[in-house]
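# Chain and residue survey
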Amino acid sequence: MSALTVFDLLQFQGGRLTREQYIGVLGQEYHLSRAAPANLRAAADRLASLSAGKSARHQKVSDWLRKHASEEDGHFIWALQDLNDLGVKVPPPQTYETTSLLVTVQSIATSTAPYRILGLSDVVEHFAPTLKVETLLPEGIGEASRFIGRHSKVDVQHAKEVDEAIGWLSDKEQGEVRATAKVFESLFRNFLLAAARSGHQKSRL
Ligand SMILES: [Fe+2]
Ligand SMILES: [Fe+2]
């Protein structure tokens, strides 16, 4: 569903990420991926309690969100390992744009329509498979390509599963998820661009 591609990220420079931009992206992906499992579980819990046996479709989506949360557990460690390899021992603070994205996710996860969190999953899970380590990441980084390299592979399956889970919802709910995905596409683009910029500003140990 999502139309966001790596070209959106690179349009401002037209090529490979610099080392500083890459460090900036990893630093903010660390925060987003660290929060993801808890946000997915919060949405799963909220959806299950709202449907409380009344909607088999919502229960199915809730079960999938919980399964998906367990598959996202620990991915922030990949970002941390990459950062460490690049000489960044302490993750940088969140940018304003990262905080904005996380606040929106959390408010959706605890709202009366928590299935809309699939709008974010739709954007991020379809985005990672468009990334190509060989042409996107800076040269000379050794093993420090875990976070993006692994996501570009595992998210192929996640993207398929998100599409399937969205299909379990009613037409009206699918429309809500599509509208939410549009919002997240914009928030995620701002998140990435601010993250890339932030790599120039952080002091590294
Ligand atoms: Fe992940
Ligand atoms: Fe994923």
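Numbering of residues starts from 1 in each chain and follows the order in which that chain's sequence is written. To label them, take the chains in the order written and letter them from A, then take the ligands in the order written and number them from 1. Only residues with pLDDT of at least 70 are given local features in this predicted model, and only at 80 or more are side-chain atom pairs given and counted; all residues enter the totals for whole chains, interfaces and linings.

We now examine the nonpolar core. Counting residues in each nonpolar core, the largest one holds 52 residues, and the members touching the most others are Leu26, Ala79, Leu83, Ile117 and Phe188. Per the convention used, a helix needs a DSSP run of H or I reaching at least four residues, while a strand needs a run of E reaching at least two, with both numbered from the N terminus. Counting residues per element, the ones that place at least two in this core are α2 (19–51), α3 (56–72), α4 (75–85), α5 (96–109), α6 (118–127), α8 (146–167) and α9 (171–198). The biggest single contributor to this core is α2, with eleven residues. In this structure Leu26 touches Ala79, Asp82, Leu83 and Phe147, once residues within four positions along its chain are discounted. Residues enter a nonpolar core if they are buried, belong to Ala, Val, Leu, Ile, Met, Phe, Trp, Tyr or Cys, and are joined to the set through C-beta atoms within 7 Å. Each residue is classified by how many other C-beta atoms fall within 10 Å of its C-beta atom, where C-beta atoms are placed from the backbone; a count of 20 or more means buried, 12 or fewer means exposed, and values in between mean partly exposed. Contact between residues is assigned whenever the C-beta positions, reconstructed from backbone atoms, fall within 7 Å.

So, on to the packing of α4 against α8. A fitted line through C-alpha atoms serves as each axis, taken over the contacting stretch for helices, and the angle formed by two N-to-C directions is quoted from 0 to 180°. The geometry of α4 relative to α8 is characterised by a closest axis approach of 8 Å and an angle of 145° between their N-to-C directions. Residues Trp78, Ala79, Gln81 and Asp82 of α4 pack against Arg146, Phe147 and Arg150 of α8. Gly falls in the polar group here, along with every residue not listed as nonpolar (Ala, Val, Leu, Ile, Met, Phe, Trp, Tyr, Cys, Pro) or charged (Asp, Glu, Lys, Arg). In terms of residue class, the contact of α4 with α8 is built from three nonpolar, one polar and three charged.

Viewed as axis vectors pointing N to C, α5 and α9 meet at an angle of 155°, and their least axial separation amounts to 8 Å. Overall, the two elements α5 and α9 adopt an arrangement that is roughly antiparallel. Between α5 and α9 lies a crossing of left-handed hand. Across the interface between the two elements, Glu97, Thr98, Ser100, Leu101, Thr104 and Ile108 of α5 pack against Thr180, Leu187, Phe188, Asn190, Phe191 and Ala194 of α9. Partitioned by chemical class, the residues of the contact of α5 with α9 number six nonpolar, five polar and one charged. For classification, angles of less than 35 degrees are called roughly parallel, those exceeding 145 degrees roughly antiparallel, those between 65 and 115 degrees roughly perpendicular, and all remaining angles oblique. The crossing is said to be left-handed when, going from far helix to near helix, the turn is anticlockwise and less than a right angle, and right-handed when the turn is clockwise.

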